[in-house]
Amino acid sequence: MKRIKLKTKNSLVGLMFVSPWIIGFLIFSAFPFFYSLFLSFQEVKITTEGIITEYVKLANYRYAFSVDAVFVEDLVSYIWRLLISVPIITVFSLIIALLLNRKVKFRGFFRTIFFLPVIISSGPVIQELIDQGATTIPALQAFEEFLRRSGDGVFISLFLFLTTNLIVLLWFSGVQILIFLAALQKLNRSVYEAAMVDGASGWETFWKITLPSLTPMIFVNVIYTIVNLSVFSLNPVINHIQVNMFKVETGFGYASSLSWIYFIVIALILLIVVGIMILLGRRTSVNS
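A brief structural summary. All values reported here derive from a predicted model rather than from experimental measurement.

**Things to note about the overall build of the chain**
Stage number 1. Scanning the chain for helices and strands turns up 13 helices and 2 strands.
Stage number 2. Counted over contacts in the chain with a minimum sequence separation of 6, partners at least 24 positions apart contribute 68%.
Stage number 3. Counting only carbon and sulfur atoms, one obtains 70% of the accessible surface of the chain, whose full area is about 19000 Å².

Shown next as structure tokens:
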């Protein structure tokens with residue numbers, strides 16, 4: 001009986017410690033989350049008497065896809081940029097982590113340099129740097145002009161996106177570098193020594209030991225990068241939602257429906273990525 005009471009007491013103590021977070025989550029996250037879902041089916045008008053809502057069923061969602069061409073264009077552009085940006089950031093982070101994991105002078109200084117943009121970069125800061133031209137590479141401006149004169153196309157658009165946004169993309173790599181670096185430092189060195197004794201080259205050890213060992217961290221970094229890019233304040237979809245929030249013609253109801261469409265798209269992308277990573281992980285385990 002005393003043991004049960006002690007267990008109950010410990011549970012109550014633990015609940016007391018986490019209760020501020022639970023209360024804060026319910027008030028500041030859960031309630032706005034479901035209230036926005038309610039508003040997405042309403043026409044919201046803010047008057048001197050307060051907030052007036054009128055149930056309009058799926059009218060806001062139909063308007064988003066049938067009338068609001070800007071939203072659809074921004075959403076497609078966001079997905080296209082995401083498909084390009086996530087592999088670049090992940091691969092760059094892995095390469096930098098491999099270099100920083102080596103025993104070189106000023107290794108701690110270089111780690112700080114690569115992580116510094118995570119601390120100082122925000123929407124207004126990066127927007128100011130973009131306006132000043134600090135995010136472009138001057139040596140590639142002539143190449144960009146050549147591509148623009150060459151016409152339109154998928155590959156030309158891809159190269160233009162990379163040349164104009166390369167530095168911004170690399171600024172999003174700080175956390176991923178640290179995650180990869182922490183995973184690299186946990187790898188068993190005896191495995192590498194055994195591979196070297198068997199005559200394995202550095203390239204073979206990377207593909208057969210390092211990369212399979214980093215698969216869970218690659219998965220974590222891909223998910224983190226998708227979420228980080230999706231919630232960044234300079235995202236055109238988020239800007240469009242904010243603009244429509246205060247428009248008289250649309251308002252909070254329509255902005256809420258756009259938010260939920262955007263949320264569902266991000267959730268579907270994450271589910272697809274999770275499914276692909278699980279299939280790749282199973283195939284890797286079967287082959288090994």
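**Structural notes on the packing of aromatic side chains**
Stage number 1. Taken as a whole and judged by the stated rule, the model has 14 aromatic pairs.
Stage number 2. Centre to centre, the rings of Phe 33 and Phe 263 are 5.7 Å apart; their planes meet at 80 degrees, and the pair counts as edge-to-face. Residue Phe 33 is found in helix 1 (residues 2-39), and its partner Phe 263 is found in helix 13 (residues 251-287); the two are separated by 230 residues along the sequence.
Stage number 3. Between Phe 246 and Phe 252, the ring centres sit 6.0 Å apart and the planes meet at 75 degrees, which makes this aromatic pair edge-to-face.

**Re the packing of helix 8 (residues 174-185) against helix 11 (residues 215-230)**
Stage number 1. For the pair helix 8 and helix 11, the least separation of the axes is 10 Å and the interaxial angle reads 170 degrees. By the angle class used here, helix 8 and helix 11 are roughly antiparallel. Of the residues in helix 11, those in contact with Val 175, Gln 176, Ile 179, Phe 180 and Ala 183 of helix 8 are Met 217, Ile 218, Val 220, Asn 221, Tyr 224 and Thr 225.
Stage number 2. Taken together, the residues of the contact of helix 8 with helix 11 sort by class into 8 nonpolar, 3 polar and no charged.

**Side note on the nonpolar core**
Stage number 1. Membership of the largest hydrophobic core comes to 47 residues, with the highest contact counts inside it found for Leu 75, Tyr 78 and Tyr 262.
Stage number 2. If one sorts the elements of this core by residue count, helix 13 sits on top with 11 residues.
Stage number 3. Those residues within four positions of Tyr 262 in sequence are excluded, and the remaining contacts are Leu 75, Tyr 78, Ser 230, Asn 235, Val 237, Ile 238 and Ile 241.

**Examining the pairing of strand 2 (residues 50-55)**
Stage number 1. Bridging between strand 1 (residues 42-47) and strand 2 involves 6 bridges; their strand directions are antiparallel. By the bridge assignment for strand 2, Gln 42 is matched with Tyr 55.

**A look at helix 2 (residues 59-66)**
Stage number 1. Those residues of helix 2 that fall on the buried side of the exposure criterion are Asn 60, Tyr 61 and Ala 64. Looking straight down helix 2, one finds its buried side chains confined to an arc of 100 degrees; they lie on one side. Exposed residues lying more than 90 degrees from the buried face of helix 2 are Arg 62 and Ser 66.

**Overview of helix 8**
Stage number 1. Compared with the 16 Å implied by 1.5 Å per residue over 12 residues, the 17 Å span of helix 8 between its first and last C-alpha is a close match.
Stage number 2. Among the residues of helix 8, those classed as buried are Gly 174, Val 175, Gln 176, Ile 177, Phe 180, Leu 181, Ala 183 and Leu 184.

**Considering the environment of Val 72**
Stage number 1. Here Val 72 lies in helix 3 (residues 69-100).
Stage number 2. In sequence terms Val 72 and Val 237 are 165 residues apart; their C-alpha atoms lie 9.0 Å from each other.
Stage number 3. What Val 72 contacts, discounting residues up to four positions off in sequence, is Ala 64 and Phe 65.

**Structural notes on the packing of helix 10 (residues 202-213) against helix 11**
Stage number 1. With their axes 4 Å apart at the nearest point, helix 10 and helix 11 run at an angle of 50 degrees to one another. Our classification of the angle between helix 10 and helix 11 gives oblique. Two secondary-structure elements touch here, helix 10 through Leu 211, Pro 212 and Ser 213 and helix 11 through Thr 215, Pro 216 and Ile 218.
Stage number 2. Partitioned by chemical class, the residues of the contact of helix 10 with helix 11 number 4 nonpolar, 2 polar and no charged.

**Here's the deal with the side chain of Gln 42**
Stage number 1. On the secondary structure map, Gln 42 appears in strand 1.
Stage number 2. Among the polar contacts made by the side chain of Gln 42, one reaches the main-chain amide nitrogen of Tyr 55 at a distance of 3.1 Å.
Stage number 3. The residues contacting Gln 42, other than those within four sequence positions of it, are Thr 53, Glu 54, Tyr 55, Val 56, Asn 60 and Gly 253.

**Focus: unusual backbone geometry**
Stage number 1. One non-glycine residue, Lys 57, adopts positive backbone phi at about 60 degrees.
Stage number 2. Inspection of the secondary structure assignment puts Lys 57 in the loop between strand 2 and helix 2.

**Digging into the side chain of Ser 40**
Stage number 1. Of note, Ser 40 is situated in the loop between helix 1 and strand 1.
Stage number 2. According to the relative accessible area criterion, Ser 40 is buried, its value standing at 0%.
Stage number 3. When near neighbours in sequence (up to four residues on either side) are disregarded, Ser 40 contacts Asn 60, Tyr 61, Gly 253, Ser 256, Ser 257 and Trp 260.

Parameters at a glance
Residues numbered from 1 in each chain as written. Predicted model: local features only at pLDDT ≥ 70, side-chain atom pairs only at ≥ 80, totals over all residues. Heavy atoms only, no water. Helix = DSSP H or I, 4+ residues; strand = E, 2+ residues; numbered from the N terminus. Contact = heavy atoms within 4.5 Å. Areas by Shrake-Rupley, 256 points an atom, 1.4 Å probe, with all protein chains shown as cover. Phe/Tyr/Trp six-rings, centres within 6.5 Å; stacked < 30°, edge-to-face > 60°. Axes fitted to C-alpha atoms, helices over the stretch in contact; angles between N-to-C directions. Parallel < 35°, antiparallel > 145°, perpendicular 65-115°, else oblique. Nonpolar A, V, L, I, M, F, W, Y, C, P; charged D, E, K, R; others polar. Core = buried A, V, L, I, M, F, W, Y, C linked by side-chain atoms within 4.5 Å. Buried < 20%, exposed > 50% of the residue type's maximum accessible area, 1.4 Å probe, protein only. Pairing = 2+ DSSP bridges. Arc of directions from axis to C-beta. Expected span 1.5 Å × (residues − 1). Polar contact = N/O pair within 3.5 Å; in protein donor to acceptor, adjacent residues only side chain to side chain.

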